[in-house]
Amino acid sequence: MSFKWVGRVAVAALSVMVAVIGGAFWILRASLPERDVAYAMAGFHAPVDVEFDRHGIPRIRAATREDAFRALGFVTAQERLFQMDLLRRRSAGRLAEILGAPLLKSDRWHRAMGFGQVAADIVARLPDDQKGVLTAYIGGINQAMEKAKVLPFEFLALGYRPEPWRAEDSLLVVLGMFETLTWGLGEKERMTTVMEAALGPEILAFFTPDSDRYADSVAAGSIARRPPQPLPREALAALLSGSSRRQAGLVGVSEVVAGSNGWLVGPKKTRDGRAILANDMHLELRVPNIWYRAEVHLGDGFLSGITLPGVPLFISGANRRVAWGFTNVAGDFLDFVSLDVDGQNPAVYRTPSGSAEFGSRRETIRVKGRPDTTVEVRTTIWGPVLPEPLLGKPVAVHWTALDPVATDLDLLRLGDAEDVFEALSILQQAGGPPLNGLVADGKGNIGWTYAGKIPARDGLDGLVSRSWADGTAGWKGYVPGKDKPRIVNPPAGYLVNANQRMAGREYSHVIGHDFDSGYRAYRISERLAEMGDITEWDLLKVQLDTQTDFYRYYENLALAVLDRKRTDDTEGELSHLRRYLQSWDGRAEPASLGLPILAEFRRILADAVLSPFFARCRELDPDFEYNWRNMDEPLRALLEAQAPELQPDRDVYPDWDAFILAKLKEATHRAMANCGTRSLENLTWGCVNKARIEHPFSAVAPLLDAVLNMPEQAIPGCGHCVRLANSRGGASERLVVAPGREANAIFHMPAGQSGHPLSEFYRDQQKNWVDGVAAELLAGKTVHRLKFRPIKTS
């Protein structure tokens, strides 16, 4: 019997496969952005030239601001269109229609918030100059879509074509960033409300300080509103009586992701009397990166920095006279309003003006591969009613992000700012996500203030949910810009913010409750205080600092217990562990020993020591989890007191030493398992701290990981390092710049400019970011060009 037909079929199949792969590759190549071409286009008023350097950074030369931003919209969409589409769809609650039912939960929440209508209302309120820039920018986006021969591969894979970009879509992107930076405090308010009901105000205050010893040390006389409290020993003991001390899993120890470092040094600290800005913004990292780099030349005008794809703003950058950057405030800009519903008529709730009927709207969500889903949203005078009740009562969310008055594009004016004083005034008046704004100018001035709208609360501090029905509690608009705090040219010669609190009781308005630990700010300040003759390179070294004395407390705790337990060390296990911990170099470098166990030790201790106190909270709310940025203050108070009546697992461990040693052993085993090693000598920080920067598609197409994702690799840094880095996030950019000396400026960001995996600019900036190698801010030698020439339309 002949088997020649098998060979023929195999050859034919191979030919088809080659043709399919070749066709797919051709389509992918064809979807790359066009370069070295000239376009004749409507909407431009004068010729515009765009020069791209070896990293794909555009240098836009235009005669008018509108033309410059039209070109910026065009080149941004060429490289980031799918990313931009996801950003607008997420905020609008329209992901399920392209990605299916798994995104329904996200869509339902975003539809309840009503971001689509908020965005439309913001656009309607924008002044003409902002609308003009926005119109030009979205015009460029839509022209890029029209000119694309083949859409980016994600659209082809998902089988849809993006809709034309609207002005509302740009504001949806802004509102998405608003959500990223501020919504977490809403979940904290749910947590604290349950804690107050279950534990009482004294214990709530103990577990929710707004500061720590590090933040207090750099606060320059500012006094915390909720400072760390003495251990309420009797109240905590009473809380534990009759409840299980073996409760676990109620504490979440999360590392900072949405944060940032920012600092300024003035003339007395720098080598040649300049002022210098350093800024690295910490976010969850994805491919492509959240920022798109750009440079604009407008006659004598100049802008260089980073933009948020879909939004015509330079988020951080310089204009030769002024340099600016931002950090997250970690403040409280929303409240959960507890609703008093009429007992006789559930369609009515109480307001300060009397009874009112709930409003309602119906949202229809399209779902790929399934029938449409409808969502009924109830609304109040304060905002939408949340899908989940709080302590059995409905709550409405009152949030600056949902107020059209609180968002605008006023940061555009930073491009024209002449000095720090003008820039600070712009920041104090601007809308958008509330941020710490840091500014330096070419005259040597440095300054800080808050950007964005700050609620003027009356009758409440916003820590827990309250009823606003009788009019004694609520918001009285926003704090006037002129009343926001500011710091200019401090005597120390430098200014630092790393998401720690910047204002306290001395300021008449509440900014927040759950600020980040002050360790990063403390370490930066420590470095700057001892430095002189500072240059940009020196500040880059500070950005890359991996020393983390934050964990010294847990190292000392572990070593003290190991010393006291030497007599129990019959097999030498504890001595081996002790030597391993003592080998820690105090840093979070890939080769560092010791830290993997110390970081795990802290997490395990936090859960084991604190969880028993929250058993009543879980009874009131089955989803309760305690997660507080400054939880180390109450944790350390309990560990230092070691009160017998507060010891967890007393039926298992005879004393605190036995308990702590058991948790240290557990941390050791868990760290080794995470690393996949049985040897302490191989248990390095790099083994457990790896960057995983992924493309959204990799979750559903793991075979494409090597093509779409950045390589998984060990990275220096930690969640309590100046160089913040963990598997989820890190520095989305690093910028060091002196206004007027932009040619000396330094810039890093992960991945690259392009969102196209076949582009030479997809991953070319990754190595510099990982290695900490200095790279220039400004666009370099031109390697590609685009030309835009205006045409008149009838």
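Fair warning: this is a prediction, and the values are worked out from it, not measured in the lab. (Residues numbered from 1 in each chain as written. Predicted model: local features only at pLDDT ≥ 70, side-chain atom pairs only at ≥ 80, totals over all residues. Heavy atoms only, no water.)

Caption draft 1: Up close: the overall build of the protein. Scanning the protein from terminus to terminus reveals 24 helices and 28 strands. Relative to a compact globule of 794 residues, whose C-alpha radius of gyration would be 28 Å, the protein shows 28 Å and is just as compact. Along the first, second and third principal axes, the C-alpha set of the protein runs to 85 × 85 × 75 Å. Contacts in the protein between residues at least 24 apart in sequence constitute 72% of all its contacts with a sequence separation of at least 6. (Helix = DSSP H or I, 4+ residues; strand = E, 2+ residues; numbered from the N terminus. Rg over C-alpha atoms; globule rule 2.2 N^0.38 Å. Contact = heavy atoms within 4.5 Å.)

Caption draft 2: Quick peek at the layout of surface pockets. In this structure, the second largest pocket encloses a volume near 510 Å³. Lining the second largest pocket are 25 residues, with Val-218, Ala-219, Ala-220, Ile-487 and Met-502 sitting closest to its centre. For the lining of the second largest pocket, the secondary structure elements donating two or more residues are helix 11 (213-217), strand 21 (486-488), strand 22 (494-497) and helix 14 (519-530). Considering every element that reaches the lining of the second largest pocket, the biggest residue donor is helix 14, with 4 residues. Here the residues of the lining of the second largest pocket are counted per class, giving 17 nonpolar, 4 polar and 4 charged. (1 Å grid on protein atoms, 1.4 Å probe; cavity = no way out; pocket = protein on both sides within 12 Å on 5 of 7 lines; lining within 4 Å. Points joined across faces, edges and corners; volume = space filled by probe spheres on them. Nonpolar A, V, L, I, M, F, W, Y, C, P; charged D, E, K, R; others polar.)

Caption draft 3: A look at empty space enclosed by the protein. Enumeration over the complete set of coordinates arrives at 6 cavities of 30 Å³ or more. What the largest cavity holds in volume is close to 330 Å³. Those elements giving two or more residues to the lining of the largest cavity turn out to be helix 8 (167-182), strand 4 (259-265), strand 5 (276-284) and strand 9 (322-328). For the lining of the largest cavity, the class distribution of residues is 16 nonpolar, 7 polar and 1 charged.

Caption draft 4: View of the state of the cysteines. This structure, assessed with the given rule, holds 2 disulfides. Each sulfur in the disulfide pair Cys-675 and Cys-687 lies 1.8 Å from the other. Linking Cys-675 and Cys-687, the disulfide has an S-S dihedral of approximately 105 degrees and is accordingly described as right-handed. Of this pair, Cys-675 sits in helix 21 (residues 656-675) while Cys-687 is found in helix 22 (residues 685-688), placing the two residues 12 residues apart along the sequence. For the pair Cys-675 and Cys-687, one class covers both residues: buried. Disulfide pairing is shown between Cys-718 and Cys-721; the S-S distance is 2.3 Å. The sign of the 95 degrees torsion about the S-S bond sets the Cys-718-Cys-721 disulfide as right-handed. Here Cys-718 matches Cys-721 in class, with each residue buried. Taking only the cysteines that form disulfides and numbering them from first to last, the protein has the pattern 1-2, 3-4. (Disulfide = S-S within 2.5 Å. Buried < 20%, exposed > 50% of the residue type's maximum accessible area, 1.4 Å probe, protein only.)

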